[in-house]
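Each chain, written out:
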2 protein chains.
Amino acid sequence: MTDAALAARLTEITGGPTTPGPDDGHDECLTVAGREPAHVVRPETAEQVAAVLKAASEAGTPVTARGSGTGLSGAAVPSPGGIVVSFERMNAVLEIDTDNHVAVVQPGVTLQELDARTAEHGLVYPVYPGELSASLGGNIATNAGGMRAVKHGVTRHHVLGLQAALPTGELIRTGGKFAKASTGYDLTQLIVGSEGTLALVTEAVLKLQPRVAHQATVLAPFAGLPEVTRAVPRVVGSGLQPQVLEYIDGMTMAAITHTADLQLGIPDAVRESAQAYLVVVLDGRTQERLDEDVEAVAQLLSELGAVDAYVLPAGSARKLIEARERAFYTAKAAGADDIIDTVIPRAALPEFMTRVTAIAQAHQTFVIGCGHAGDGNVHLAVFQKDTATRSTVLHELFAAAMALGGAISGEHGIGHAKREHFLALEDPAKVELMRRLKQAFDPAGVLNPGVLL
Amino acid sequence: MTDAALAARLTEITGGPTTPGPDDGHDECLTVAGREPAHVVRPETAEQVAAVLKAASEAGTPVTARGSGTGLSGAAVPSPGGIVVSFERMNAVLEIDTDNHVAVVQPGVTLQELDARTAEHGLVYPVYPGELSASLGGNIATNAGGMRAVKHGVTRHHVLGLQAALPTGELIRTGGKFAKASTGYDLTQLIVGSEGTLALVTEAVLKLQPRVAHQATVLAPFAGLPEVTRAVPRVVGSGLQPQVLEYIDGMTMAAITHTADLQLGIPDAVRESAQAYLVVVLDGRTQERLDEDVEAVAQLLSELGAVDAYVLPAGSARKLIEARERAFYTAKAAGADDIIDTVIPRAALPEFMTRVTAIAQAHQTFVIGCGHAGDGNVHLAVFQKDTATRSTVLHELFAAAMALGGAISGEHGIGHAKREHFLALEDPAKVELMRRLKQAFDPAGVLNPGVLL
Ligand SMILES: Cc1cc2nc3c(=O)[nH]c(=O)nc-3n(C[C@H](O)[C@H](O)[C@H](O)COP(=O)(O)OP(=O)(O)OC[C@H]3O[C@@H](n4cnc5c(N)ncnc54)[C@H](O)[C@@H]3O)c2cc1C
Ligand SMILES: Cc1cc2nc3c(=O)[nH]c(=O)nc-3n(C[C@H](O)[C@H](O)[C@H](O)COP(=O)(O)OP(=O)(O)OC[C@H]3O[C@@H](n4cnc5c(N)ncnc54)[C@H](O)[C@@H]3O)c2cc1C
């Protein structure tokens, strides 16, 4: 099929033009350059998505899904000559089911919109990745995490069912408004986290829960990172069930509070001696229980070596969390050359950070960070202009994480950005198996080629 | 390869005889007859399992894994002339990691053993299917559920990683001691619930949590099943987070309390008018909080139409839960011809039960039950001697569940028992996709043929 014929076919299917706009070919990844696709479709129905995939499979033309383009691994950057399927028009919250506690959404709905809609019913979708303009489709494709994962789990744990368009042109429904089944292979979980390489999500059934009314944020400065990382398993182990358990190193804290013009009310002397911070957010069904738990956590933190523990006023707490969510932009503005998010068993944090320091020093690279400490998900900003050296540093960091029983990415995905490292470091038997699974979904190989595999 | 040559090869790999014992070829399924396998191996290492699979793939001989044989779908019944891989010797708890809150176990470990080991550390593996002699390998293969799923989720939600032997002979490791990753397809979740048809589990990393000290059981009689089923979403929606939320119909309650010789201390008048019961178990970090929550739930239940609400003494509570777990044997002893466990959205319970009654009446079949109401997972005992009629009844029950957005099995699996219904009722596009996934794992088609697909 010629390019013009394909464009005509796509227009026939979706009823719209296929000319790319300026924003259709990139995401927020620092290392993968955007690329203008040959065609962009903006479907309005699942059937249109399926028909586009069928046409693309027949034409052998690559297809890349696009949510909000906030991804950090280049997974939304299309292939040369490819089609982008942009989900901006499939952005309806189809249902908030207050009896079954689920939301049914189209993939283009943003986290922000969903949060507003669930709030009306006293419910919440408790997955809060840092970027609330991200789409649910993108969240599902990357298995997005975020700060509350330590208590509530990640996207995967809240996707109960999907409607998905297969590259072969069928629409299937997986799972449903229930939390358990033993009826065939779990296609839902296979599609979650597959970075748009297996199927395109056209609808999702998401698990909601009652919104908890009371919340408090405790900030604990520590002398150094080792002290923080050693405290983490103990806080998780306490049974206090923190909703957020973030570590922020001294440099990153300085940068994000400066950028956000944030006063934390910490005495200068403490601030100057603190090389690392732990942020603990607790929630409770009643204010009374919350107060008890805050007291208990403050007590625990001081036993674990915190210099002090401050309960932040609601305004500063919100600002701090927001500033932490924007840490990516702070690092980017400071000239970071890459941001990675390795995951390790949380008790391996001290050892991992020791290795990170050694790797950084050996290659004269500047590495700072913060992270979802409760999950062992460490976000590192890597400052190293030289591409080859940076690649070596990344390879060593990923290898160190894997040697400690971790994985390359906790929540951002592999995409184009980390594919080479993934293929170099992952067990070849697993990579081959994944290729066969990919082939089972996508015999023509049109869905996001070059991403992940 | 001749049978004798294969036997010799298997002995060479595992160092033991391959003669079947009397218990190697059946499970607890009421409708699938046991069958003696041609060979049984009792491997001691993952490498032996992988080598057995390689040999079986080369010989084209079917392989069926066996845990404790407590399954309810015939999935552990081997193929004619097949090999059974019994995991009884791979029964070590390899590690209780108190920092990362995980257990690493071999597949032959039973739930009972794991519970004893985690208790020593104040931790718990919070998945409690009714049969504690079941193995973790079997639990993983069936995605076992149980009563506490309403709060804690099912097996799937607690398996963080696996070591698995592929039919092609490789050993792979998936996931790890972390709760999140976005690093390739989630092979862990694909293997969970696959009923021994994709890979054999040789090790599992399981998520643990702090054991909660305080627990209370509330029993609420209701006038009828519709009242109970309508109450369920409200109890879940209360935010009180019940650990158990079971419904038991009047007949089943009579049978299990009679069998267990259990006095619940409910006045005769109430007992005679109650056609259905709700059992609510709550837990709490402190006795004080638990007492508050018990009060709140009793209040809520009475608002929702319960005749009364009894806080059971610890002894009776334990006995009631145990009797409920043994409900399968009670039904079996009463002459039940099949037991099924459809799952539906929990708010569809009243409508589903109405349809169940209509289907039962139309086919002069006796159907009673109990179930994990909070999950919409309904266990029904079907009394119908005529095989053809029973098959029609089952087909209609499954179709009714699916029409309400549910699935055939919530936790027992499809196995041999429900395969025909699964293939008849499931979307052909999904079945075909599952066949291609099966092919990707098991090109020789040796793993548990005739189960599921
Ligand atoms: C400031 C900032 C903070 C962030 N914080 C976090 C964080 O805390 N945790 C976290 O996990 N991530 C975080 N991210 C990363 C990003 O927000 C997530 O990866 C998010 O899931 C991407 O969603 P999106 O809609 O922007 O997807 P896109 O970038 O548009 O696409 C991401 C991937 O999803 C695929 N995709 C999109 N829609 C579909 C669909 N319908 N079907 C199939 N595939 C589809 C794309 O092809 C691509 O592979 C952050 C990003 C920024 C910029
Ligand atoms: C009284 C009673 C109550 C029950 N209550 C519940 C309940 O509440 N919830 C629930 O979910 N189930 C329940 N069950 C069913 C049963 O206990 C579960 O299905 C359990 O998971 C089976 O474990 P098993 O070790 O006995 O597996 P088996 O019966 O031996 O095998 C089950 C399946 O697992 C496969 N398998 C076993 N080991 C492995 C391995 N290492 N790798 C790959 N595949 C393997 C087998 O091939 C088979 O397909 C109950 C059963 C009884 C008898």
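Residues numbered from 1 in each chain as written. Chains lettered and ligands numbered in written order. Predicted model: local features only at pLDDT ≥ 70, side-chain atom pairs only at ≥ 80, totals over all residues. Heavy atoms only, no water.

Note the following rule: UniProt positions are given in the numbering used here, feature names are shortened, and annotations may be inferred rather than shown by experiment.
Named according to an unreviewed UniProt entry, chain A is FAD-binding oxidoreductase originating from Actinokineospora bangkokensis. In UniProt, chain A has this text filed under Cofactor (unreviewed entry): "FAD".

## Things to note about the overall build of chain A
The line we're drawing: Note on conventions: DSSP H or I runs of at least 4 residues are helices, E runs of at least 2 residues are strands, and numbering of each starts at the N terminus. Our radius of gyration is a C-alpha quantity, and the globule rule it is checked against amounts to 2.2 Å times the number of residues to the power 0.38. Using a 1.4 Å probe on the protein chains alone, a residue whose accessible area is under 20% of its type maximum counts as buried, one over 50% counts as exposed, and one in between counts as partly exposed. In this description, contact between two residues means that some pair of their heavy atoms is separated by no more than 4.5 Å. Accessible surface area values rest on a Shrake-Rupley calculation with a 1.4 Å probe, where residue burial reflects the displayed protein chains alone. The sign given to each residue is positive for Lys and Arg and negative for Asp and Glu; His and the chain ends receive no count. By convention, the point assigned to a charge is CZ for Arg, NZ for Lys, CD for Glu and CG for Asp.
Regarding its fold elements, chain A presents 16 helices and 17 strands. Its C-alpha radius of gyration of 22 Å places chain A within 12% of the 22 Å reference for a compact globule of 453 residues. Projected onto its principal axes, the C-alpha coordinates of chain A cover approximately 70 × 55 × 40 Å. Counting every position in chain A, which comprises 453 residues, the buried fraction comes to 61%. A separation of at least 24 residues holds for 74% of the contacts in chain A among residues at least 6 apart in sequence. Of the roughly 15,900 Å² of accessible surface on chain A, a fraction of 50% belongs to carbon and sulfur atoms. One way to put it: in chain A the 35 positive side-chain charges average out to a point 3 Å from where the 51 negative ones average out.

## A look at the interface of chain B and chain A
The criterion, for reference: The term buried area means the drop in 1.4 Å probe accessible area that two parts suffer when joined, counted for both and summed. Each reported salt bridge corresponds to a side-chain nitrogen of Lys or Arg within 4 Å of a carboxyl oxygen of Asp or Glu. Nitrogen and oxygen atoms within 3.5 Å of one another constitute a polar contact, given that in protein one can donate a hydrogen and the other can accept it, and given that sequence-neighbouring residues count only through two side-chain atoms.
Taken together, the contacts link 78 residues of chain B with 78 residues of chain A. Roughly 6,100 Å² of surface becomes buried between chain B and chain A when both sides are summed, with 58% attributable to carbon and sulfur atoms. Broken down residue by residue, the surface that chain B buries against chain A is led by Lys180, Ser182 and Tyr185 of chain B, which jointly contribute 16%. At the junction of chain B and chain A, the tally comes to 12 salt bridges. Its salt-bridge partner being glutamate 292 of chain B, residue arginine 289 of chain A comes within 3.0 Å of it at the nearest N-O pair. Scanning the region where chain B abuts chain A turns up 38 residue pairs in polar contact (both at pLDDT 80 or more). Listing elements by their share of the side of chain B that touches chain A, those giving two or more residues are strand E8 (171–175), helix H6 (187–191), helix H7 (225–237), helix H10 (287–303) and helix H16 (428–441) of chain B.

## Some points on the site of ligand 1
Residue and element names in this part refer to chain A. For the record, the criterion: What makes a residue near a molecule or strand is one non-hydrogen atom of that residue sitting within 4 Å of it.
Neighbouring ligand 1 are 38 residues; Ala65, Gly67, Ser68, Thr70 and Ser135 lie closest to it. Between ligand 1 and the protein, one listed contact pairs an oxygen atom with a backbone N or O atom of alanine 75 at 3.3 Å. The protein chains hide 98% of the 990 Å² of surface that ligand 1 would expose on its own. Looking at the shell around ligand 1, the elements with two or more residues in it are strand E2 (63–66), helix H4 (136–142), strand E9 (200–207) and helix H12 (327–333).

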